[in-house]
Amino acid sequence: RSLSVDDWDMIHKESAFNWLIGDHDGHGGNFLRLADDQIVSIDKGQIAKFYHKDRLAFDYNPNATYGEISVLNRTLADYADGRLGEFVLPTDIKKLSRLDDFFAQVEAMPDEEFIALWRGYAEAAAQKRLGAFSDWTLEEFYENALKRKKNLRRDFLALLDDAEKKRRAALGIE
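Residues numbered from 1 in each chain as written. Predicted model: local features only at pLDDT ≥ 70, side-chain atom pairs only at ≥ 80, totals over all residues. Heavy atoms only, no water.

Comments concerning the overall build of the protein chain
Check the secondary structure of the protein chain and you find five helices and two strands. Tracing the protein chain from N to C terminus, the helices and strands come up as α-β-β-α-α-α-α. Scaling as 2.2 N^0.38, a compact globule of 174 residues should have a C-alpha radius of gyration of about 16 Å, and the protein chain matches this with 17 Å. When the backbone C-alpha atoms are referred to their principal axes, the protein chain occupies close to 50 × 35 × 35 Å. In the protein chain, which comprises 174 residues, the proportion classed as buried is 42%. When the accessible surface of the protein chain is totalled, it reaches about 9300 Å², and 52% of it is carbon and sulfur. Side chains of the protein chain carry 25 positive and 32 negative charges; the gap between the two charge centres is 2 Å. (Helix = DSSP H or I, 4+ residues; strand = E, 2+ residues; numbered from the N terminus. Rg over C-alpha atoms; globule rule 2.2 N^0.38 Å. Buried < 20%, exposed > 50% of the residue type's maximum accessible area, 1.4 Å probe, protein only. Areas by Shrake-Rupley, 256 points an atom, 1.4 Å probe, with all protein chains shown as cover. Lys, Arg positive; Asp, Glu negative; His and termini not counted. Charge placed at Lys NZ, Arg CZ, Asp CG, Glu CD.)

Some words on the environment of Pro 90
The residue Pro 90 is located in the loop between helix H2 (71-80) and helix H3 (97-108) in this model. Among the residues examined, Pro 90 registers a relative accessible area of 8% and is labelled buried. Separated by 86 residues in sequence, Pro 90 and Ser 4 place their C-alpha atoms 9.1 Å apart. If sequence neighbours within four positions are ignored, Pro 90 has contacts with Val 5, Trp 8, His 12 and Leu 96. (Contact = heavy atoms within 4.5 Å.)

Things to note about the packing of helix H1 (residues 5-21) against H3
Running from amino to carboxyl end, H1 crosses H3 at an angle of 30 degrees, the nearest separation of the two axes being 7 Å. Considering the angle they form, H1 stands roughly parallel to H3. Across the interface between the two elements, Asp 6, Asp 9, Met 10, His 12, Lys 13, Ala 16, Phe 17 and Leu 20 of H1 pack against Ser 97, Arg 98, Leu 99, Phe 102, Phe 103 and Val 106 of H3. (Axes fitted to C-alpha atoms, helices over the stretch in contact; angles between N-to-C directions. Parallel < 35°, antiparallel > 145°, perpendicular 65-115°, else oblique.)

Remarks on the side chain of Ser 41
Residue position: Ser 41 is located in strand S2 (residues 39-41). Owing to a relative accessible area of 12%, Ser 41 belongs among the buried residues under this scheme. At 3.4 Å, the side chain of Ser 41 and the side chain of Asn 18 are in polar contact. Separated by 2.5 Å, the side chains of Ser 41 and Lys 44 make a polar contact. Once residues within four sequence positions are removed from consideration, Ser 41 is found in contact with Glu 14, Asn 18, Asn 30 and Phe 31. (Polar contact = N/O pair within 3.5 Å; in protein donor to acceptor, adjacent residues only side chain to side chain.)

Notes on a negative patch on the surface
There is a patch of like negative charges on the surface, built from Asp 135, Glu 139, Glu 140 and Glu 143. Assignment of secondary structure puts Asp 135 in the loop between helix H4 (111-128) and helix H5 (138-171). Taking relative accessible area as the criterion, Asp 135 reaches 53% and is therefore assigned exposed. (Patch = residues over 30% accessible without salt bridge, like charges linked within 9 Å, V, L, I, M, F, W, Y side chains within 5 Å. Salt bridge = Lys/Arg side-chain N within 4 Å of Asp/Glu carboxyl O.)

Quick word on the pattern of salt bridges
Proximity of charged atoms lets side chains of opposite charge pair with each other. Within the structure shown, the criterion is met by 18 salt bridges. Here Asp 59 and Arg 55 are joined by a salt bridge, their closest N and O atoms 2.9 Å apart. We classify Asp 59 as exposed; its relative accessible area is 57%. Note on Arg 55: relative accessible area 40%, which makes it partly exposed. A salt bridge links Glu 107 to Arg 153; the nearest nitrogen and oxygen atoms lie 2.8 Å apart. With Glu 107 in helix H3 and Arg 153 in helix H5, this residue pair connects regions lying 46 residues apart in the sequence. Overall, the relative accessible area of 41% leaves Glu 107 in the partly exposed class.

In structure tokens:
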């Protein structure tokens, strides 16, 4: 079944959440369509694993050695290269209400509350020097998590915009 604008809105929202928490394992097997037709992302086992060295780009794929690529990265790369032809990926925030609402919720969350949500995981991971904590202190992690939170809308929309610009160039569209 082809995906609707509403489906892409849900996938973009879930992908933005995955970026926020540093989970780059959003491949097709980690998305489910529920009985109510909602699409959700599951399996957050890579949370913050690459947080200290990742980047929000559709050519960034730390799971390439496992033969996996996130749904968003695969789609954006194909889209940017013009391999999806006439297909127009919804990238206009005015058409992506779930994504826009998600950004608004993240932006409205007090920083202290956001850090509190990380605290249990971050302290345990820091103690074992897992993922980002192989390079960062707990304070550096919190600082970078807050930076990601504050720039989430700007950075994610820039990613979508970059894919659209590259697609237009690849297809010779003005």
